[in-house]
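Structural characterization, general
The lines below spell out each chain.
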Amino acid sequence: MQAYSYVDGKWHDGNPPVLGPLSHATWLSGIIFDGARAFEGTTPDLALHCERSIRSAKALGLRAPLTAGEVHELCLEGVRKFPSGAQLYIRPMFFAESGWIDPDPETTRFMLSVYESPMPDPTGNFRAMISPYRRPTPESAPTDAKASCLYPNSGRAMRLARENGFENAVILDQIGNVAEFATSNLFMVKDGTVMTPAPNGCFLNGITRQRVIKLLRDAGTPVVECQVTVNDLVNADEIFSTGNYAKVQPCNGIGERSLQPGPVYSLARKLYWEFAHKG
């Protein structure tokens, strides 16, 4: 895998060592990241991802030493190191070097990784189980940031799913309503209407999620942000996901119920690809 990483003002090949045993990010999780994509010569919504990285840093008590515009320019510089059209993951990060429990914002550092990462199969090929693990509330975790410390919970949900023969998991909120997939935002379709969990602070209101909602609405497809229950999923006509890694991808089954990619998923993916190539 070809990769370039930007640390302390310089580009490096591969995965250079950065964190030490005394770094706050190493032992107390003072680190955030964001993720964007480059593919087919496009970098859709890259500027929005860079802006969110700054907001996430602030929410975690860090102080970004770069502006969103500077992060954006570095991301594009990294993309240009690869052949045109390469399928890449773009990951800016801010982290604290020092601090006692609370990160010291004055020690915030920046690093960026840009690396080859093929886009997943557009037919989906993932089935999901309902996970017993739940998303934390804003009072119990920094859910207003794309903080690395939130991801071990998603990781254990994915591990349990794989142990039970699934590829992903549906995560519920604290009162038992659907929040998202372990790795992405969730959409379902019933009788031609798209439903997606309304943001309630416990999960990330993804940039790709927001983009797909707008694209579908502009195309005349009704999209309702609302409470979604497990029973709603079980009775859905279609289920699909949105997220930076795979962009728009169908879910092929919930629990024991099988599903096929449907017309609304196909429309959402088509609209997103058209949007990406207009940028």
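Predicted, not measured: the structure shown is a model, and the values here were computed from it. (Residues numbered from 1 in each chain as written. Predicted model: local features only at pLDDT ≥ 70, side-chain atom pairs only at ≥ 80, totals over all residues. Heavy atoms only, no water.)

Looking at unusual backbone geometry
Worth spelling out the cut-off: Only DSSP runs of H or I covering at least 4 residues are called helices, and only runs of E covering at least 2 are called strands; the numbering of each starts at the N terminus. To sort residues, take the accessible area from a 1.4 Å probe on protein chains only and compare it with the maximum for the residue type: under 20% means buried, over 50% means exposed, and anything in between is partly exposed.
You will see that Asp 8, though not glycine, has its phi angle at about 50°, which is positive. At Ile 101, a residue that is not glycine, the phi angle is positive and equals roughly 65°. Tracing the sequence through the fold places Ile 101 in the loop between β6 (99–100) and β7 (102–103). For Ile 101, a relative accessible area of 54% puts it in the exposed group.

Focus: the environment of Asp 45
Let me state the cut-off plainly: A 3.5 Å cut-off defines polar contacts: any pair of N or O atoms within that distance qualifies, except that in protein one atom must be a possible hydrogen donor and the other a possible acceptor, and neighbouring residues in sequence count only when both atoms are side-chain atoms.
Positionally, Asp 45 belongs in the loop between β4 (36–38) and α2 (46–59). Asp 45 sits 64 residues away from Arg 109 along the chain, and the two C-alpha atoms are 24 Å apart. Reaching out from Asp 45, the side chain makes a polar contact with the side chain of Arg 211 at a distance of 2.7 Å.

Side note on the packing of helix α5 (residues 207–218) against helix α7 (residues 263–278)
The following threshold applies: For helices, the fitted axis covers only the stretch in contact; all axes are lines through C-alpha atoms, and the angles between them, taken along N-to-C directions, range from 0 to 180 degrees. To sort the angles, those under 35 degrees are grouped as roughly parallel, those over 145 as roughly antiparallel, those from 65 to 115 as roughly perpendicular, and the leftovers as oblique. Residue contacts are defined here by distance: any two heavy atoms, one from each residue, within 4.5 Å place the two residues in contact. Three classes are used, and their members are as follows: Ala, Val, Leu, Ile, Met, Phe, Trp, Tyr, Cys and Pro are nonpolar, Asp, Glu, Lys and Arg are charged, and the others, Gly among them, are polar.
Two numbers describe how α5 lies on α7: the axes approach to 10 Å, and their chain directions differ by 105°. With respect to α7, the axis of α5 lies roughly perpendicular. Taken together, the residues of α7 that come into contact with α5 (itself represented by Thr 208, Arg 211, Val 212, Leu 215 and Leu 216) are Leu 267, Ala 268, Leu 271, Tyr 272 and Phe 275. Across the contact of α5 with α7, the residue classes break down as eight nonpolar, one polar and one charged.

Describing the layout of surface pockets
Under the convention used in this document: A cavity, in this analysis, means grid points on a 1 Å lattice covering only the protein atoms where a 1.4 Å probe fits yet has no way out; a pocket is instead an open set bounded by protein on both sides within 12 Å along at least five of seven lines, and a residue lines either one if it has an atom within 4 Å of a point. Grid points are joined across faces, edges and corners, and a volume is the space filled by probe spheres set on the points.
Each pocket or cavity is described by its volume, and for the largest pocket that value is around 780 Å³. As for the largest pocket, its lining consists of 37 residues, and the residues nearest its centre are Lys 146, Ala 182, Thr 183, Ser 184 and Tyr 245. Contributions of two or more residues to the lining of the largest pocket are made by α2, α4 (151–163), β11 (178–181), α5, β15 (238–243) and β16 (247–250). Residue composition of the lining of the largest pocket, by class: 16 nonpolar, 15 polar and six charged.

Examining the sheet that holds strand β13 (residues 193–197)
Here is the rule: Here, strands pair whenever DSSP counts at least two bridges between them.
Read across the sheet, five strands follow the order β14-β13-β12-β15-β16 without closing on themselves; strand pairing throughout is mixed. Looking at strand neighbours, the two that pair on one side only are β14 (223–226) and β16, the edges of this open sheet. Neighbour to neighbour, the strand axes of the sheet diverge by 30° on average, direction disregarded. As paired strands, β15 and β16 are joined by four bridges and run antiparallel to one another. Of the residues in β16, the one forming a bridge with Phe 240 is Pro 250. Docked against the sheet, α7 engages β12 (185–190), β13, β15 and β16, running at close to 160° with respect to β16.

A look at the nonpolar core
Among soluble globular proteins, nonpolar side chains are generally buried collectively. Stated precisely, the cut-off is as follows: Grouping buried Ala, Val, Leu, Ile, Met, Phe, Trp, Tyr and Cys residues that are joined through side-chain atoms within 4.5 Å yields what is termed a nonpolar core.
One finds Ile 90, Phe 110 and Leu 112 to be the most contacted residues of the largest nonpolar core, which totals 29 residues. At the level of secondary structure, the elements contributing two or more residues to this core comprise β1 (3–7), β4, α2, α3 (68–79), β5 (88–96) and β8 (108–116). Not counting chain neighbours up to four residues away, the residues in contact with Phe 110 comprise Tyr 6, Val 7, Asp 8, Pro 65, Leu 66, Val 71, Leu 74, Pro 92, Met 93, Phe 94 and Phe 95. Membership of the second largest hydrophobic core comes to 19 residues, among which are Phe 39, Val 212, Ile 213 and Tyr 272.

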